[in-house]
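Structural overview for review
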Amino acid sequence: MMRPKILCMVDLSLAPEALEIIREHADVDYLPQESHRLVELISDYDAFWGHIDLKVDKQVLNNAKRLKAINTSSTGTDHIDKDEAARRGIQILSIARDYRLLETFTATAECAWMLMLACHRKLRSATKSVLEGSWESKSYVGEQLSGRVLGVLGVGRLGKMTVEYGKAFGMKVLGCDLKPFSIPGVERVDFDTLLSASDAISIHIHMEKRNYHLFNDSTFAKMKDNIILVNTSRGDIIDESSLIKNLDSGKIAAFGADVIHDEWRNDISKSNLIQYAHNHENVVITPHIGGCTTKSIVDARIFSAKKLIHFLRTGEELTQ
Amino acid sequence: MISGMLGDIVIDMSIRIACNNMPDHIDEGRKMLIDNFSVDFVSWNRSQIIEHIAPYDAFITSISLFDKEIFDVARQLKVVATPSTGTDHIDLVAAEKRQVAVLSIKNETEYLAKITSTAEQAFALLLSVMRKLPFAFEAVRTHNRWVSADFRGHSLSGKTLGIIGYGRLGKMMARYGEAFGMNIVAYDPYVDSFAPYVMSLTFDELLRCSDVISLHVHLNDTTRNMLNKQAFQLMKKNVVIINTSRGALIDESELLLALKEHRILGAGLDVLASELYGDISDDPLVQYAKDHDNVVISPHIGGVTFESQELAYTKIVSMIIEWFDKHNKRE
């Protein structure tokens, strides 16, 4: 059997073991991430391994003459044109169902909680003013979390962690999920109740068609005034033009995001939300660092390497 | 003489109180002061306090220095009150010598249980240091850069959180850490009982095993400089230090040195020793934080939330009312 050819554009400097694993069983071209080179080179490879901030779209797949697998060390796969990949019989390998591995990945929930606290305490303006030489605190009067109502949308892996954080911080916790769940100290509510009863909402659902712009003019209208909203899932769950309107009017007190609409574009300064952040203090945005901690990156990449090799050798998906 | 009514207690409206830097939103505390005293709401720095304090019977401070020189000119002063648990900004020796009562909310347990802001701020700083929040945001906002790998951080789960001072705030911090899957250790020589998930250690043991050290103690002669050169030498490499208590608990020059020599991973500070003197712009830690993403400094906003300030001011004002009521009756 010929050794498969893998194009790897994901940074494995933290996880050299992952690179060793794929090199042992395949011919690997390990290159820096560049989308135009991906389009040019993809035709020569049996498998591609890339990071979530590199789109694998129709243009790329049109050239992917012999591609059998697209590998990603993430749970989300919406950077890949899944319909086109399916049409061409290309397998997508992600870690979305590797539950035992994912149980150990708390990074995204921790990031959500950081944004939650930062929004409640006007943290980014307060820290910025110190760097400018001021110790004035009057402008940064925040809100306590304890005693407030936390609404968690999506009580899956990350939502379950988030409800525990909320309980420890003395919040009343509501959870909304299509699937039933039973967690002590968490009240299961429908979406409308979550919107109308929460002081703060954290989003932990996947991006599916039915969740596109789930937060829009009519959902925002159902919320309490001065709500704080945190999104670490996917940008397109929120209609950003409606969000900006509601931030501007003060309906939403603050918004924390680790994801925005079209974060794959090369020039993010064109994002309406980032333009809004230039002259408003009530948004905090981080560049999709949710899962980005050393431990989770190393563990995910090593497992992804094993998964890719297993698939190329057996045609089956390895799960953990 | 004009009198005000508080229930059936008659209070002398000629009592003059100056209330320094009260936040705008404290409606109830403000009303209680106006109803019971002749009150001036002021925003004075130290030299203005010295210039104007002479005729006042009571003074409500913010966290700024209230030292011997102020006591020397405060000829009418009977009460100095602070809506905080710490009293280290007030010269207690001078207060005693001048027979000025110092009121604080230090022992108001029932009220304090509702005031979680400072522990929440400590955790906010911890997460922000771990994930380089201020720099990550600036990259997006002003540098047009969306590269997550630039801000690779550290998760809290699995790490050891060392809590120095297992009092009200230390206990809250322990509860937060436990929910985040951290191992919790604590040092407090005055506490015998710890939650089941907290391991009590000696000071040196805590320094040796903690990945995060968070300070929750009052500043006094035994705690001043408790994180000194010797303590820094015992710490694990890549420890993160969180201080929301008082700047002078840490030998800040040692902290800066440890940062510069990459012996520690980072620091989250809501307090600086220099803050008592008004100007922090030249503080070496502030200078350092300008171009290093592992130090996050906030301007002592630990207790600065609507809820906690309202509770603290309402309580301290009622304590002042009670004090004058009791002492006027006695006279």
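Now for a description of the structure that goes with this document. (Residues numbered from 1 in each chain as written. Chains lettered and ligands numbered in written order. Predicted model: local features only at pLDDT ≥ 70, side-chain atom pairs only at ≥ 80, totals over all residues. Heavy atoms only, no water.)

All names here are of chain A. If you walk across this open sheet you meet the 7 strands as E8-E7-E6-E9-E10-E11-E12, and the pairing is parallel. The two strands at the open ends of the sheet, each matched to only one other strand, are strand E8 (186-188) and strand E12 (283-285). Between one strand axis and the next, the sheet turns through 15° on average, direction left out of account. Sitting on the sheet, helix H8 (residues 157-168) touches strand E6 (149-153), strand E7 (172-176), E8 and strand E9 (200-203), and the angle it makes with E6 is about 175°. (Pairing = 2+ DSSP bridges. Helix = DSSP H or I, 4+ residues; strand = E, 2+ residues; numbered from the N terminus. Axes fitted to C-alpha atoms, helices over the stretch in contact; angles between N-to-C directions. Contact = heavy atoms within 4.5 Å.)

Let's shift gears to empty space enclosed by the protein. A complete count under the given rule lists 3 cavities of 30 Å³ or more for this structure. Computed from the structure, the largest cavity encloses a volume of approximately 60 Å³. His51, Ile52, Asp53, Glu263, Trp264, Pro287 and His288 of chain A together with Trp146 and Ser148 of chain B are the residues that line the largest cavity. The residue makeup of the lining of the largest cavity, split by class, is 4 nonpolar, 3 polar and 2 charged. Taken as a whole, the second largest cavity holds about 50 Å³ of empty space. Lining the second largest cavity, in full, are Thr127 and Leu131 of chain A together with Pro134, Phe135, Ala289, Val295, Val296 and Ile297 of chain B. Looking at the lining of the second largest cavity, the elements that each hand over two or more residues are helix H7 (123-131) of chain A together with helix H7 (133-142) and strand E14 (295-297) of chain B. No other element matches E14 of chain B, which puts 3 residues into the lining of the second largest cavity. Taken together, the residues of the lining of the second largest cavity sort by class into 7 nonpolar, 1 polar and no charged. (1 Å grid on protein atoms, 1.4 Å probe; cavity = no way out; pocket = protein on both sides within 12 Å on 5 of 7 lines; lining within 4 Å. Points joined across faces, edges and corners; volume = space filled by probe spheres on them. Nonpolar A, V, L, I, M, F, W, Y, C, P; charged D, E, K, R; others polar.)

With that settled, consider the pairing of strand E9 (residues 183-187) of chain B. Residue and element names in this part refer to chain B. Two strands pair when backbone bridges link them, and strand E8 (residues 160-164) and E9 are joined in this way by 5 bridges, in the parallel orientation. Across the sheet, the residue bridging to threonine 160 is asparagine 183, located in E9. Regarding topology, helix H8 (residues 168-179) serves as the crossover connection from E8 to the parallel E9, and that connection is right-handed. Direction of pairing for E9 relative to strand E10 (residues 198-200): parallel, over a ladder of 3 bridges. Residue pairing in the sheet places isoleucine 184 in a bridge with valine 198 of E10. (Right-handed = clockwise from strand over helix to strand, strands pointing away.)

Moving on, we get to the sheet that holds E10 of chain B. All names here are of chain B. Spatial strand order, E10-E9-E8-E11-E12-E13-E14: 7 strands in an open sheet with parallel pairing. Across the chains shown, the open sheet's two edge strands, defined by having one partner strand only, are E10 and E14. Ignoring strand direction, the axes of neighbouring strands in this sheet form an average angle of 20°. Judged from the 5 bridges that link them, strand E12 (residues 239-243) and strand E13 (residues 264-269) form a sheet pairing that is parallel. Following the sheet pairing, asparagine 243 is matched in E13 by leucine 269. On the sheet, helix H11 (residues 252-260) packs against E12, E13 and E14 and is oriented at approximately 140° with respect to E13.

The next thing to look at is the interface of chain A and chain B. The interface of chain A with chain B comprises 61 residues on the first partner and 63 residues on the second. Regarding the contact of chain A and chain B, the summed buried area is about 5300 Å², with carbon and sulfur atoms giving 64% of it. The largest share of the area that chain A buries against chain B comes from Arg121, Trp135 and Gln144 of chain A, three residues that together contribute 16% of it. At the junction of chain A with chain B, the criterion picks out 0 salt bridges. Secondary structure elements with two or more residues in the side of chain A that touches chain B: helix H6 (107-120), H7, H8, helix H12 (272-278), E12 and helix H13 (294-314) of chain A. Element by element, the count of residues in the side of chain A that touches chain B is highest for H6 of chain A, at 8 residues. (Buried area = accessible area lost by both parts, 1.4 Å probe. Salt bridge = Lys/Arg side-chain N within 4 Å of Asp/Glu carboxyl O.)

Turning our eyes to something else, we now look at helix H1 (residues 27-36) of chain B. All names here are of chain B. Within the span of H1, buried status applies to Gly29, Met32, Leu33 and Asn36. Down the axis of H1, the smallest arc covering the buried residues is 95°, so these residues share one side. For H1, the exposed residues set more than 90 degrees away from the buried face come down to Asp27 and Lys31. (Buried < 20%, exposed > 50% of the residue type's maximum accessible area, 1.4 Å probe, protein only. Arc of directions from axis to C-beta.)

Moving on to the pairing of E6 of chain A. Residue and element names in this part refer to chain A. Burial within E6 is extensive, with 5 of its 5 residues counted as buried. Every second residue of E6 is oriented toward a common face, with Val149, Gly151 and Leu153 on one face and Leu150 and Val152 on the other, all of them buried. Alignment of E6 against E7, held across 5 bridges, turns out to be parallel. The residue of E7 that forms the bridge with leucine 153 is cysteine 176. Once the chain exits E6 it traverses H8 before rejoining the sheet at E7, and the crossover so formed is right-handed. Direction of pairing for E6 relative to E9: parallel, over a ladder of 4 bridges. Its bridge partner lying in E9, valine 152 is registered against serine 202.

Everything listed here is a matter of geometry and, on its own, says nothing about what the molecule does.
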